[in-house]
Amino acid sequence: MYENSTTGGNSSVTIDARSSTELNRKSSISRPPMPPPRKNIVAQNPSSSSRLNRRRCTYIVVAAAAFVLVAGVTIGTSVGLTRDTDNEASSSVDGITAVLSTSSPTASPVIAAPQPTPQPTPQPTPQPTPQPTPQPSASGPSTCDHKSLMLSAGTSTVAAVVIEVENAGNLDSRWQKKTSPSGYLGSGILEWNGNNFYNTPGEGLISFDVKIDHPGKYRFQWRNRYGGGSNHDNNDSWLRFPDAEEFYAEKGSQRKCPKGGQSEPCPNGNPEGATKEGWFKVFMNQAGYNYQAKTGDFQDFFIYAEFNQAKVYTLQIAGRSQKHQIDRVVLWRVTDGVQPTETQMSSMSETAC
């Protein structure tokens, strides 16, 4: 046993050496040994550290690839949809900027889209007000020489056109206006004093603009006479209706048409005698003034024209045989069921426009 006196105090401590040794032994038995201090895992296991680093790199690469893929699809779609025009290309830039700014894992500055330079609004150049193109009236030209009227024929009325041929304008000098022989109507008659044109229609052309206000089928007659000594040589002139819907000659159930006319092909062909380019030779063979108007040598077909619209049509007369004299023309509508007599036609007044 050891004794230890503490200097400067009244107490003393006596330590038994056996007891101290026993105490130390018991303490070492009752407490387990302390484990050695832990060392750095990375330092003691380098292979685990490498695997961890590789795993982190893999995550970073995958994340970067996903970002690039999303950005590329967005950019490609935006550019592909908007590459056609300059204005749309600026929209593509906006789209790319938006993708980059929202998809980037790190904050990056947003690039502002370029603003288009304001352009002055173009002012339209004043244009002259277009004037409408005049369209032909459904009733033909607004002017005419003669027109159809409902005229008295005894106790009935008939649509008719009455023309005094001596009043024709721009008259060819080969047509001579005469006041003999007596018996004419109006102010006189016209006599052809040119050459004979038996096979050449159109010489000394006279044209009348006839306004038809009562469409239908009309018969043509003229008051005429032969002025020479022969009822076979001084008795005819050329006649044509170039724009009538139909122009033909009839006798009973037969119908004949002028060669080259609008009504060909005709059921019974062309009449005997002269006919050409839509013209009929129209003759008479009775002495004195009369309303004979026939075609077809030794056939005596009557002359008809069909006017299917209310408009202006053209009537044409041309010289053929010398000394043929014409006083007036009468067109009357067959469908009215009235056939005016010569006296009734002579009593009708001219139907000038």
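What this report covers is the structure whose coordinates are included nearby.

### Side note on the pattern of salt bridges
Reasoning step 1: According to the stated counting rule, one finds 13 salt bridges in the structure shown.
Reasoning step 2: Among the ionic pairs, Glu164 bridges to Arg328, the shortest N-O distance being 2.7 Å. With a gap of 164 residues between them, Glu164 in strand β5 (residues 156-164) and Arg328 in strand β18 (residues 324-333) connect regions that are remote in the sequence.
Reasoning step 3: Lys211 is the partner of Asp213 in a salt bridge, and the nearest nitrogen-oxygen pair spans 4.0 Å.
Reasoning step 4: A residue is classified by how much of its surface remains accessible, and Asp213, at 34% relative accessible area, is partly exposed.
Reasoning step 5: Among the charged side chains, a salt-bridge network with shared partners connects Asp172, Arg174 and Glu203.

### So, the nonpolar core
Reasoning step 1: Formed by 34 residues in total, the largest nonpolar core has its most connected members in Phe208, Phe220, Leu239, Phe241, Leu315 and Ile317.
Reasoning step 2: Residue contributions to this core peak at 4 residues, all from strand β16 (residues 301-307).
Reasoning step 3: Dropping the residues within four chain positions of it, Leu239 is found in contact with Phe220, Phe247, Gly278, Trp279, Phe280, Val282, Ile303, Leu315, Gln316 and Ile317.
Reasoning step 4: Core analysis: the second largest hydrophobic core is formed by 12 residues, Ala153, Ala160, Val162 and Trp332 among them.

### Thoughts on the environment of Lys177
Reasoning step 1: When you line up the elements, Lys177 lands in strand β6 (residues 175-178).
Reasoning step 2: Look at Lys177 and you get partly exposed, because its relative accessible area is 44%.
Reasoning step 3: What Lys177 contacts, discounting residues up to four positions off in sequence, is Glu166, Ser187, Ile189 and Leu190.

### Focus on the pairing of strand β10 (residues 236-240)
Within a regular strand, side chains alternate between the sheet's two faces.
Reasoning step 1: With 4 of its 5 residues buried, β10 lies for the most part within the structure.
Reasoning step 2: Where β10 and strand β17 (residues 312-318) come together, 3 bridges link them in antiparallel fashion. Counterpart to Arg240 in the pairing with β17 is Gln316.

### Quick notes on the pairing of strand β4 (residues 149-153)
Reasoning step 1: Where β4 meets β5, 5 bridges bridge the pair, whose relative direction is antiparallel. Within β5, the position partnered with Ala153 by the bridge is Ser156.
Reasoning step 2: A loop of 2 residues connects β4 with β5, the two strands running antiparallel in sequence, and Gly154 in this loop sits at a positive phi of about 70°.

### Thoughts on the state of the cysteines
Reasoning step 1: Enumeration according to the criterion identifies 2 disulfides in this entry.
Reasoning step 2: Linked covalently through their sulfurs, Cys144 and Cys353 form a disulfide whose S-S length is 1.6 Å. Where Cys144 bonds to Cys353 through sulfur, the torsion about that S-S bond is close to -115°, and the disulfide is left-handed. One end of the pair, Cys144, is in the loop between α4 (86-103) and β3 (146-147); the other, Cys353, is in the segment after α5 (342-347), and 209 residues separate them in sequence.

### Some points on the packing of aromatic side chains
Reasoning step 1: Counted by the stated rule, this structure contains 10 aromatic pairs.
Reasoning step 2: Ring geometry for Phe241 and Phe247: centres 5.5 Å apart, planes at 70°, overall edge-to-face. Each member of the pair, Phe241 as well as Phe247, is classed as buried.
Reasoning step 3: Cluster of aromatic residues (ring-pair linked, three or more members): Tyr218, Phe220, Trp222, Phe241, Phe247, Phe280, Phe307 and Tyr313.
Reasoning step 4: Lying over the aromatic face of Phe302, Arg219 brings its terminal NZ or CZ to 3.9 Å of the ring centre.

### Some remarks on the environment of Asp327
Reasoning step 1: Mapped onto the secondary structure, Asp327 falls in strand β18.
Reasoning step 2: As for Asp327 and Glu166, which are separated by 161 residues in sequence, their C-alpha atoms are 7.2 Å apart.
Reasoning step 3: Apart from residues no more than four positions distant in its own chain, Asp327 is found in contact with Glu164, Val165, Glu166, Tyr184, Leu185, Gly188, Ile189, Arg223, Asn224 and Tyr289.
Reasoning step 4: A distance of 2.6 Å separates polar atoms of two side chains, one belonging to Asp327 and the other to Arg223.

### Digging into the environment of Val210
Reasoning step 1: Take Val210: it is sitting in strand β8 (residues 206-211).
Reasoning step 2: Along the sequence, Val210 and Cys353 sit 143 residues apart, while their C-alpha atoms lie 8.7 Å from each other.
Reasoning step 3: With residues near it in sequence (within four places) discarded, Val210 still touches His146, Val161, Ile163, Lys311, Val312, Tyr313 and Leu315.

### Examining the side chain of Lys256
Reasoning step 1: With respect to the helices and strands, the residue Lys256 is situated in strand β12 (residues 254-256).
Reasoning step 2: Lacking a salt bridge, the buried Lys256 has Glu272 as its closest oppositely charged neighbour, with an N-O distance of 6.2 Å.
Reasoning step 3: A distance of 2.8 Å separates the side chain of Lys256 from the backbone oxygen of Asn268, its partner in a polar contact.
Reasoning step 4: Those residues within four positions of Lys256 in sequence are excluded, and the remaining contacts are Tyr248, Ala249, Cys266, Asn268, Gly269, Asn270, Pro271, Phe280, Gln299 and Phe301.

Rules used throughout
Residues numbered from 1 in each chain as written. Predicted model: local features only at pLDDT ≥ 70, side-chain atom pairs only at ≥ 80, totals over all residues. Heavy atoms only, no water. Salt bridge = Lys/Arg side-chain N within 4 Å of Asp/Glu carboxyl O. Helix = DSSP H or I, 4+ residues; strand = E, 2+ residues; numbered from the N terminus. Buried < 20%, exposed > 50% of the residue type's maximum accessible area, 1.4 Å probe, protein only. Core = buried A, V, L, I, M, F, W, Y, C linked by side-chain atoms within 4.5 Å. Contact = heavy atoms within 4.5 Å. Pairing = 2+ DSSP bridges. Disulfide = S-S within 2.5 Å. Phe/Tyr/Trp six-rings, centres within 6.5 Å; stacked < 30°, edge-to-face > 60°. Lys NZ or Arg CZ within 6 Å of the ring centre and 35° of its normal. Polar contact = N/O pair within 3.5 Å; in protein donor to acceptor, adjacent residues only side chain to side chain. Lys, Arg positive; Asp, Glu negative; His and termini not counted.

Take it as geometry only, folks, not as evidence of what the structure does.
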